[in-house]
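In case you want the letters, here they are:
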Amino acid sequence: MQLLPANQSLQFSWNQNYGHTSDSMLNDRKFTKLSVSLPLPKQETLSRHSFLGPNGLRSQWQGPSTEIKIQYPSHLDLTPVEDPSLIHPREDVAVAVEDEKSGQDSLLMEEVLSLNDGRWSHPTNESCSPLTIEGKEDLLPKDNIRQLSPPPILARVHPEVRPLSPSRVADPRPGPAKSPPDGIPGSNSYQHLHIPVRMMEDFLRLAQKNTAKNLETCGVLAGSLKNRVFHINTLIVPKQESTSDSCQTLNEEEIFEVQDKLSLFPLGWIHTHPSQTCFMSSVDLHTHYSYQIMLPEAIAIVMAPTDTSSPHGIFHLSDPGGLSVIRNCQQRGFHPHEEPSDGSPLYEHCSHVYMNPSLRFDVVDLR
């Protein structure tokens, strides 16, 4: 650090102080010139706007005079249009509004700086009337404002459907077996079909567990054709789901596989009625229809162990009456059927079936 002599140090300090003083004087002169250039307010204006004037704290407040009206610039275009939703600004109107705004802003600034007493040089009758909502209600078209109502909902009332008992929707009295007149085969005659005597008893033994639980059991009857006679020689018990009045087979491809492997014909089906009488329900009639249209000789065996008067029955649909009714029926589940038009029963006992004690059979249980 370089040390300066005392006289040089004092001279340097004086130069710095003098520089600061000259800058302050220069700012004061500029402020004075700026103050002189502003116009002085009038005494009347000072007395009116001062809080110590006649309307100030020292006297009672007086409301604004109605003679003095202040015109505020308004640029709101309230001209009604045909479609308020499609308002496009016009370029010439926008330019005129901007010019008018700039001119009024400059005039307003000059009068504020001069502290004008509020009296404008423009006539008061040019002032815009205050904007009232009541006068502009017609600007909102009532026809264009609509509240959409939701569409009506169509509801269809369905009558209460109660499940029907199988015994109430099927005729428990099948028609008697019919034989060709004078033993001459006709158009509705069937090939003879032989059934092993012990097969129905063995099937009841296989269904004993389900029967004790009041569950149905079903099986498929398959066989072969020899010398124009059908022989049932295989009982297939498939996988199934059962209730007290229905039975549904599962994995039916396994049944077809057994029949194809052993070269067997599907000759009918057998099922139990664990707690009902021996008859064909409406569901049974639809099930048997699929067998009988493939092979007219197909049969349906019903085993009813609790029916002492008729523990079993061998039925088929009447032809053509019963087949026609079931073919044209589109209902599902338990439901009543109309009687055939020819007066015949829907189903009847088979007349072409014979019990053969010497016929052997096999059981294929797929469960």
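So, a few notes on the structure that sits alongside this text. Counting restarts for each chain, with residues numbered from 1 along the sequence as it is written. Local features in this predicted model are restricted to residues whose pLDDT is 70 or higher, and side-chain atom pairs enter the listing and the counts only when it is 80 or higher, whereas totals over whole chains, interfaces and linings include all residues. Side-chain calculation: all heavy atoms of the structure are included, whereas hydrogens and water are not.

1. Focus on helix H7 (residues 282–292)
Selection criterion: Summary of the burial criterion: residues with accessible area below 20% of their type's maximum are buried, those above 50% are exposed, and those between are partly exposed, where the area comes from a 1.4 Å probe applied to protein chains only. Secondary structure elements follow DSSP: runs of H or I of four or more residues count as helices, runs of E of two or more count as strands, with numbering from the N terminus. Here the arc refers to the set of directions running from the helix axis out to each C-beta atom. Residue contacts are counted whenever heavy atoms from the two residues lie within 4.5 Å of one another.
Among the residues of H7, Ser-282, Asp-284, Leu-285, His-288, Tyr-289, Tyr-291 and Gln-292 are the ones counted as buried. For H7, the angular spread of buried residues about the axis comes to 160°, placing them on one side. In this structure, the buried residues of H7 make contact with strand S2 (218–226), strand S6 (265–272), strand S7 (299–303), strand S8 (312–317), helix H8 (321–327) and strand S9 (347–349).

2. Observations concerning helix H4 (residues 199–206)
Residues Met-199, Met-200, Asp-202 and Phe-203 constitute the buried set of H4. Buried positions in H4, seen along its axis, are confined to an arc of 160° and lie on one side of it.

3. Remarks on the packing of aromatic side chains
We apply this condition: Centre distance within 6.5 Å is the pairing criterion for rings of Phe, Tyr and Trp, where only the six-membered ring of Trp is used; planes under 30 degrees apart are then read as stacked, over 60 as edge-to-face, and the remainder as tilted.
The final tally for this structure, using the stated rule, is three aromatic pairs. Their ring planes at 10° and their centres at 6.4 Å tell us that Trp-269 and Tyr-291 sit as a pair that is stacked. In this pair, Trp-269 sits in strand S6 while Tyr-291 sits in helix H7, placing the two residues 22 residues apart along the sequence. Taken together, a centroid distance of 5.3 Å and an interplanar angle of 90° make the contact between Phe-315 and Tyr-347 edge-to-face. Taken together, the residues Phe-315 in strand S8 and Tyr-347 in strand S9 connect sequence positions 32 residues apart. Per residue, the accessibility class of Phe-315 equals that of Tyr-347, and both read buried.

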